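Letter by letter, the chains look like this.
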Amino acid sequence: MNVDIGNALSAEASPGISRENLDRLNEQVAAAHERIEQGITDREHGYAALALPETVDTDAIEAAVEPFSDSEAVLTVGIGGSALGAATIADALESDVEAHFLDNVDPEQVAGLLADLPLESTTVNVVSRSGTTAETLANFLVVRDAMEEAGVDWTDRTFVTTGESGPLRELADRHDLPSLPVPDGVPGRFAALSTVGLACAAIQGHDLDALVAGAAAQKEQLSDSLFESPAYAYGAICYALDVRGASVNAMLPYAESLETFAEWFAQLWAESLGKDGLGQTPARALGATDQHSQLQLYRAGPRDKMVTFVRPREREDRAIPETEFEALSYLGGTGLGDLLDAEFEATEASLAAAGRPNVRVEIDRVDEHGLGELLYAMEAACVLAGELYGVDTFVQPAVEWGKNAARGLLGGGDFPEADAVEEKRTLRIE
Ligand SMILES: O=P(O)(O)OC[C@H]1O[C@H](O)[C@H](O)[C@@H](O)[C@@H]1O
């Protein structure tokens, strides 16, 4: 994996960072790295996620899901960090076992999905770190009911990943369901490379060791210089561009298979860094599709954005047939992948020509190793950025506030946050 920050230098872009300031920033990176290393060594809350390449037990995950090796499909019931890591891996890699996700409580979507799934051969993978998240538990109750109605013994087809206590743990224990623990000190959005993200990947038959090896390769490269670590280079440049005005980070992978990765990144970046009036807003996009919708804004709108390109250097191509149409002859004989690469190069150059900061992140290909590198590098980038901002990267009080308000409204306890609903000011126009 490599990260090219050339188009984020002030000689090329505005906002941008000068070489001198980059060297100064590197001193901050060195200090942050020391803090991060200490956190990893001590397995401190949050930092423990960056130790996962060493601590995750892939054999235990594979053994735990062994009873489900006959699955035609896997249905992950979870939300946020308990779904997006697994979804990123599932959507990036091919498998004969279809993966589906229930990470919303839209009744129409839930009913539609349950009606389509072969429930007798589907594994239900319920994931919740806290074991208390209303959406996840509600969806699970609905899924369980649908299985009973279809005459399927849900206890035979349910796998649980959760913490040591909480309602979901109790349920798993009561019904003797196969389960895995969520590792200590690993917040959900940093848990893709743990039991949380890897159980689904194991059920789908992906190579967990290759995923972890990719992550380990990036961990190896964490050092006290951003010039030696792609992960730190990315985190540091995002921070530097943000404090110079690029408050939006548009994540633009040039691979359909990485579309969900942009969604995962959005949670990681937003929930970790959005604190104390600070943080950079992640925007989700996809190349080449969004060249034809959002690019106008990125190239000619306010100078409050940076664009992150992610692309695999290699992919399987599909030939574009020769054609009798003269006007299209330039396409014939090339491949769809060649076209996508050309679109990528052109878009990157078009932003650079307009002096808009952008960063290129490249992996060899979208496979287990490349994905492991990408996920780990972005997590390390995020932890580094959190140190540079001076925020508490591993908490999410604003999200918890909303969760409490919703529970209070539903009668799930006495939560003062729910009073805000009553107090809401209204000025309705009809
Ligand atoms: O895994 P759970 O405890 O169910 O939490 C699922 C999600 O809940 C909240 O929204 C948190 O802010 C997220 O960080 C978390 O990933």
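About the cut-offs
- Residues numbered from 1 in each chain as written.
- Predicted model: local features only at pLDDT ≥ 70, side-chain atom pairs only at ≥ 80, totals over all residues.
- Heavy atoms only, no water.
- UniProt positions renumbered as here; feature names shortened; annotations may be inferred.
- Near = heavy atom within 4 Å.
- Polar contact = N/O pair within 3.5 Å; in protein donor to acceptor, adjacent residues only side chain to side chain.
- Areas by Shrake-Rupley, 256 points an atom, 1.4 Å probe, with all protein chains shown as cover.
- Nonpolar A, V, L, I, M, F, W, Y, C, P; charged D, E, K, R; others polar.
- Buried < 20%, exposed > 50% of the residue type's maximum accessible area, 1.4 Å probe, protein only.
- Helix = DSSP H or I, 4+ residues; strand = E, 2+ residues; numbered from the N terminus.
- Arc of directions from axis to C-beta.
- Contact = heavy atoms within 4.5 Å.
- Patch = residues over 30% accessible without salt bridge, like charges linked within 9 Å, V, L, I, M, F, W, Y side chains within 5 Å.
- Salt bridge = Lys/Arg side-chain N within 4 Å of Asp/Glu carboxyl O.
- Pairing = 2+ DSSP bridges.
- Axes fitted to C-alpha atoms, helices over the stretch in contact; angles between N-to-C directions.
- Phe/Tyr/Trp six-rings, centres within 6.5 Å; stacked < 30°, edge-to-face > 60°.
- Lys NZ or Arg CZ within 6 Å of the ring centre and 35° of its normal.
- Disulfide = S-S within 2.5 Å.

Labelled according to an unreviewed UniProt entry, the protein chain appears under the name Probable glucose-6-phosphate isomerase, originating from Haloarchaeobius litoreus. Quoted verbatim from the Subcellular location (unreviewed entry) field of the UniProt record, the comment on the protein chain reads "Cytoplasm". Per UniProt, the protein chain carries the Catalytic activity (unreviewed entry) text "alpha-D-glucose 6-phosphate = beta-D-fructose 6-phosphate".

Participant: Explanation requested: the site of the ligand in the structure shown.
Facilitator: Lining the immediate environment of the ligand, one finds 14 residues, of which S82, S128, S130, T133 and E271 sit closest. Here an oxygen atom of the ligand sits 2.6 Å away from a polar atom, N or O, in the side chain of S128. Across the complex, the protein chains shield 90% of the 390 Å² of accessible surface that the ligand would expose by itself. Of the residues assigned to the shell around the ligand, the class counts are two nonpolar, eight polar and four charged.

Participant: Would you explain helix α7 (residues 167–174) in this entry?
Facilitator: Every α-helix carries 3.6 residues per turn, so stepping three or four residues along brings you back to the same face. For α7, the set of buried residues is L168, R169, L171 and A172. Down the axis of α7, the smallest arc covering the buried residues is 160 degrees, so these residues share one side. Opposite the buried face of α7, by more than 90 degrees, sit the exposed residues E170, D173 and R174. Where α7 is buried, its residues touch β4 (122–128), α6 (134–149), β5 (158–162) and β6 (179–181). Taken from the residues just after α7, D176 is the one with a positive phi, measuring 55 degrees.

Participant: Looking at this structure, how should I read the UniProt feature "active site" (unreviewed entry) in the protein chain?
Facilitator: Here the UniProt-annotated "active site" (unreviewed entry) positions come out as E271, H292 and K403. These annotated residues cover 133 residues of sequence, and their C-alpha atoms sit far apart, with the largest distance between any two at 36.5 Å. Relative to the helices and strands, H292 is located in the loop between β8 (281–284) and α12 (295–300). The class for H292 is exposed, based on a relative accessible area of 65%. Given a relative accessible area of 35%, K403 falls into the partly exposed group.

Participant: Looking at this structure, how should I read a nonpolar patch on the surface?
Facilitator: On the surface, a nonpolar cluster with roughly 360 Å² of combined accessible area is contributed by F325, L328 and Y330. By the element assignment, F325 lies in the loop between β9 (305–312) and α13 (336–353).

Participant: How do you make sense of the pattern of salt bridges when you look at a structure like this?
Facilitator: Working definition: two side chains of opposite charge can pair if their charged atoms are close together. Considering all chains together, one arrives at 17 salt bridges under this definition. The closest approach of N and O atoms between D304 and K305, which form a salt bridge, is 2.5 Å. The salt bridge partner of R311 is E362, with a shortest N-O separation of 3.2 Å. Highlighted residues: R311 in strand β9 and E362 in strand β10 (residues 358–363), separated in sequence by 51 residues. The exposure class of R311 is buried, given its relative accessible area of 9%. Among the ionic contacts, a cluster of salt bridges with common partners joins R311, R313, R315, D341, E345, E348, R360, E362 and D364.

Participant: Explain the sheet that holds β9 to me, please; I cannot follow it from the model alone.
Facilitator: Strand pairing in a sheet relies on backbone hydrogen bonds, with the paired strands running either antiparallel or parallel. Sheet architecture is open: five strands sit in the order β1-β10-β9-β7-β8, paired in mixed fashion. Looking at strand neighbours, the two that pair on one side only are β1 (2–4) and β8, the edges of this open sheet. The mean angle between the axes of side-by-side strands here comes to 20 degrees, regardless of whether they run parallel or antiparallel. Where β9 lies against β10, six bridges are found, and the strand directions are parallel. Within β10, the residue paired with V307 across the bridge is N358.

Participant: Explanation requested: the packing of aromatic side chains in the structure shown.
Facilitator: The relative placement of two aromatic rings is captured by the distance of their centres and the angle of their planes. Counted by the stated rule, this structure contains 13 aromatic pairs. The interplanar angle of 75 degrees and the centroid separation of 5.9 Å between the aromatic rings of F68 and F159 together place this pair among those described as edge-to-face. Here F68, found in the loop between α3 (58–65) and β2 (73–77), pairs with F159, found in strand β5; they are 91 residues apart in sequence, far enough to count as distant. The same class applies to F68 as to F159, namely buried. Ring geometry for Y254 against F344: centres 5.4 Å apart, planes inclined by 65 degrees, an arrangement best described as edge-to-face. Here Y254, found in the loop between β7 (248–253) and α11 (259–273), pairs with F344, found in helix α13; they are 90 residues apart in sequence, far enough to count as distant. In this structure, Y254 and F344 share a single accessibility class: buried. Members of the aromatic cluster, connected to one another through ring pairs, are Y234, F261, W264, F265 and W269. In this structure, R144 packs its charged tip against the face of W154, placed 4.7 Å from the ring centre.

Participant: Whenever I open this one, the environment of V186 confuses me. Can you help?
Facilitator: Summarising the element assignment, V186 is placed in the loop between β6 and α8 (195–203). Sequence separation between V186 and A49 is 137 residues; the distance between their C-alpha atoms is 5.0 Å.

Participant: Can you walk me through the state of the cysteines in this structure?
Facilitator: What we call a disulfide is simply a covalent bond connecting the sulfur atoms of a pair of cysteines. Taken as a whole, this structure holds zero disulfides when the rule is applied. The thiol of C238 is unpaired, and the distance to the nearest cysteine sulfur, on C382, comes to 9.7 Å. Under the relative-accessibility criterion, C238 is labelled buried at 0%. Classification of C382 by relative accessible area gives buried; the value is 0%.

Participant: What exactly am I supposed to notice about the sheet that holds β2 here?
Facilitator: Reading across from one edge, β3-β2-β4-β5-β6 is the order of the five strands in this open sheet, with parallel pairing throughout. Edge strands, defined here as strands with exactly one partner in the open sheet, are β3 (98–102) and β6. Along the sheet, successive strands turn relative to each other by an average axial angle of 15 degrees, direction set aside. Note that β2 and β4 share five bridges and pair parallel. Note on β4: the bridge partner recorded for V74 is T123.

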